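Summary of the model geometry
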Amino acid sequence: RLQQMDGLLDSLTTLARVMSDPIQFTTFSVKELIGEAFGLASQRSGLLKTELRMHIASDVATHDRYLLLTLLKELLENAGMFGPETGSLVDVIWDTVATEWYLEVKDNGEGIPPEVQPKIFEMFYRGSENSQGNGLGLYIARKVLDRLGGRVDFVSKPGETRFMFYLPHHQMQEN
């Protein structure tokens, strides 16, 4: 019970930062960012038994590092919670498409049932009995995208979920 309250407080603190901190562009290593997000997510989910595979077109990026770290951490925590007991895989792809960064997180977990897919980005929504989270992870991910002027697509079926994020390369003002 205390661990659940601690997780909720962490998520609410993260949400407050996502919504209010000024956007700060910095140049960083994408590989290091993904590794750090994986480490943070491992602390709160079943990722310790997960193989992480990175597919990085360019290791240097300029964007808001904290917001991207938050986005990745939330998606990786979900992948860890809903992954198979053995043979859990997560692929993270970083590429550029026209004037956007492309970020994809793909896992081999249980998938998101079609009937709950329209609700997954809602605050406090938990679409599965197996969820150990507080229903804020994908809500926070959506708020990160809103702040950065990005968009998301996803596809899910039993055994595979793919979240595809598109983020503008440069953004001089906050949205």
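Look above for the structure.
This write-up is about the structure you can find in this document. (Residues numbered from 1 in each chain as written. Predicted model: local features only at pLDDT ≥ 70, side-chain atom pairs only at ≥ 80, totals over all residues. Heavy atoms only, no water.)

**Remarks on the environment of Glu-85**
Convention followed: Helix numbering and strand numbering both begin at the N terminus, where a helix is a DSSP run of H or I of at least 4 residues and a strand a DSSP run of E of at least 2.
Looking at the element boundaries, Glu-85 is found in the loop between helix 3 (65-82) and strand 4 (88-97). Counting along the chain gives 24 residues from Glu-85 to Gly-109, while the straight-line C-alpha distance between them is 9.3 Å.

**Focus: the packing of helix 2 (residues 30-42) against helix 3**
Filter applied, for reference: Note on method: axes are straight lines fitted to C-alpha atoms, helices fitted across the in-contact stretch only, with angles between N-to-C directions ranging 0 to 180 degrees. An angle counts as roughly parallel when it lies under 35 degrees, as roughly antiparallel when it exceeds 145, as roughly perpendicular when it falls between 65 and 115, and as oblique in every other case. Handedness of a helix crossing follows the sense of rotation of the near helix relative to the far helix, less than a right angle counterclockwise being left-handed and clockwise being right-handed. Whether two residues are in contact is decided by their heavy atoms, any of which lying within 4.5 Å being enough. Residues are grouped as follows: nonpolar covers Ala, Val, Leu, Ile, Met, Phe, Trp, Tyr, Cys and Pro; charged covers Asp, Glu, Lys and Arg; every other residue, Gly included, is treated as polar.
In contact at an axis separation of 8 Å, helix 2 and helix 3 are set at 50° when each is read in the N-to-C sense. The orientation of helix 2 relative to helix 3 falls into the category oblique. The hand of the helix 2/helix 3 crossing is right-handed. Listed contacts from helix 3 to Glu-32, Leu-33, Ile-34, Glu-36, Ala-37, Phe-38, Leu-40 and Ala-41 of helix 2 are Arg-65, Leu-68, Leu-69, Leu-72, Lys-73, Leu-76 and Glu-77. In terms of residue class, the contact of helix 2 with helix 3 is built from 10 nonpolar, no polar and five charged.

**Brief notes about the pattern of salt bridges**
The test is simple: Each salt bridge in this description consists of a side-chain nitrogen of Lys or Arg and a carboxyl oxygen of Asp or Glu lying within 4 Å of one another. The classification of residues rests on relative accessible area computed with a 1.4 Å probe and restricted to protein chains. Under 20% of the type maximum is buried, over 50% is exposed, and intermediate values are partly exposed.
Under the counting rule described, the total for this entry stands at nine salt bridges. Between Arg-65 and Glu-36 there is a salt bridge, with its nearest N and O atoms 2.7 Å apart. Here Arg-65, found in helix 3, pairs with Glu-36, found in helix 2; they are 29 residues apart in sequence, far enough to count as distant. Accessibility expressed as a relative area gives 24% for Arg-65, which makes it partly exposed. On the basis of relative accessible area, Glu-36 is assigned to the partly exposed category, the value being 36%. Asp-91 is the partner of Arg-53 in a salt bridge, and the nearest nitrogen-oxygen pair spans 2.8 Å. Highlighted residues: Arg-53 in strand 2 (residues 50-56) and Asp-91 in strand 4, separated in sequence by 38 residues.

**Some remarks on helix 3**
Filter applied, for reference: One less than the residue count of a helix, multiplied by 1.5 Å, gives the span that helix is expected to have.
With 18 residues, helix 3 should reach 26 Å at 1.5 Å per residue; the first-to-last C-alpha distance of 26 Å fits that figure. By the criterion of burial, helix 3 is predominantly enclosed, with 16 of the 18 residues buried.

**Examining a nonpolar patch on the surface**
Put simply, the rule is: Exposure above 30% relative accessible area and the absence of a salt bridge qualify a residue for a patch, where like charges join within 9 Å and nonpolar side chains (Val, Leu, Ile, Met, Phe, Trp, Tyr) within 5 Å. Note on areas: Shrake-Rupley with a 1.4 Å probe; residue coverage comes only from the protein chains shown.
Residues Leu-12, Met-123 and Phe-124 make up a contiguous nonpolar surface patch of about 260 Å² in total accessible area. As for its placement among the helices and strands, Phe-124 is situated in the loop between strand 5 (100-107) and helix 4 (137-148).

**Description of the nonpolar core**
Quick reminder of the rule: Put simply, a nonpolar core is a bunch of buried Ala, Val, Leu, Ile, Met, Phe, Trp, Tyr and Cys residues held in one set by side-chain atoms that sit within 4.5 Å of each other.
One finds Leu-76 and Phe-163 to be the most contacted residues of the largest nonpolar core, which totals 42 residues. Mapped by element, the contributors of at least two residues to this core are helix 1 (2-20), helix 2, helix 3, strand 4, strand 5, helix 4 and strand 7 (160-168). Considering each element in turn, this core owes the most residues, eight residues, to helix 3. Contacts of Leu-76, omitting those with residues within four sequence positions, involve Ile-34, Ala-37, Phe-38, Ala-41, Ser-45, Leu-47, Val-90, Val-92 and Val-105.

**Describing the side chain of Glu-77**
As for its position among the elements, Glu-77 is in helix 3. When sequence neighbours within four positions are dropped, the list of residues in contact with Glu-77 reads Leu-40, Ala-41, Arg-44, Ser-45 and Leu-47.

**As for the packing of aromatic side chains**
The following threshold applies: Classification of ring pairs rests on two measures: the distance between centres of Phe, Tyr or Trp rings, Trp counted by its six-membered ring, which must be within 6.5 Å, and the angle between planes, read as stacked under 30 degrees, edge-to-face over 60 and tilted in between. Over a ring means this: the NZ of a Lys or the CZ of an Arg is within 6 Å of the ring centre and within 35 degrees of the ring normal.
Under the counting rule described, the total for this entry stands at six aromatic pairs. When the ring of Tyr-102 is compared with that of Tyr-166, the centres are 5.3 Å apart and the planes differ by 55°; the resulting orientation is tilted. Pair noted here: Tyr-102 is in strand 5 and Tyr-166 is in strand 7, with a separation of 64 residues, a long-range link. For the residue pair Tyr-102 and Tyr-166, the accessibility class agrees, reading buried in each case. A ring pair is formed by Phe-154 and Phe-163, whose centres lie 5.4 Å apart and whose planes are at 25°; its orientation type is stacked. We classify Phe-154 as partly exposed; its relative accessible area is 21%. Owing to a relative accessible area of 5%, Phe-163 belongs among the buried residues under this scheme. Here the aromatic cluster, defined as three or more aromatic residues joined through ring pairs, consists of Phe-121, Phe-154, Phe-163 and Phe-165. It is Arg-17 that lies over the ring of Tyr-66; its NZ or CZ is 3.8 Å from the centre.

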